[in-house]
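Below, each chain spelled out in residue letters.
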Amino acid sequence: MSAEIAVSVRDLHKSFGANEVLKGVSLAAHTGDVIAIIGSSGSGKSTLLRCIPMLDVPDGGEITVGDEAVRFGPAVPAPGRTQIGRLRGSVGFVF
């Protein structure tokens, strides 16, 4: 029996001006998983982590934390404060 997916990121995109930092990043973390994100300086590790609780708002893709799913894109309405609050209430990070 596999553990429930706690956090899911699908096709996440984030740019700062002309600099595309996240280019379709996807991952799934199951309950109880320990995940390390490694890469060179400037590869988007912190940006990915900042996008999950929407400290940086992604340009496209989908983030799901527990039962709360948020989609991003040009044709998708921006998430409201209530939805962001629910999502952030389920997330904690240690750097």
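Anything mentioned here points back to the structure above.
An account of the accompanying structure is given in this report. Values in this document were obtained by computation on a predicted structure and should not be read as measured data.

1. Focus: the overall build of the protein
Step number 1: From N to C terminus, the protein includes two helices and four strands.
Step number 2: For 95 residues, the compact-globule formula gives about 12 Å, and the C-alpha radius of gyration of the protein, at 13 Å, lands near that figure.
Step number 3: Taking the principal axes of the C-alpha coordinates as reference, the protein spans close to 45 × 35 × 25 Å.
Step number 4: Counted over contacts in the protein with a minimum sequence separation of 6, partners at least 24 positions apart contribute 47%.
Step number 5: When the accessible area of the protein is evaluated, it comes to approximately 6200 Å², of which 54% is carbon and sulfur surface.

2. What to know about the environment of Gly17
Step number 1: Mapped onto the elements of the fold, Gly17 is located in the loop between strand 1 (5-16) and strand 2 (19-30).
Step number 2: By relative accessible area, Gly17 is classed as exposed at 74%.
Step number 3: Sequence separation of Gly17 and Ser46 is 29 residues, and the distance between their C-alpha atoms is 17 Å.

Rules used throughout
- Residues numbered from 1 in each chain as written.
- Predicted model: local features only at pLDDT ≥ 70, side-chain atom pairs only at ≥ 80, totals over all residues.
- Heavy atoms only, no water.
- Helix = DSSP H or I, 4+ residues; strand = E, 2+ residues; numbered from the N terminus.
- Rg over C-alpha atoms; globule rule 2.2 N^0.38 Å.
- Contact = heavy atoms within 4.5 Å.
- Areas by Shrake-Rupley, 256 points an atom, 1.4 Å probe, with all protein chains shown as cover.
- Buried < 20%, exposed > 50% of the residue type's maximum accessible area, 1.4 Å probe, protein only.

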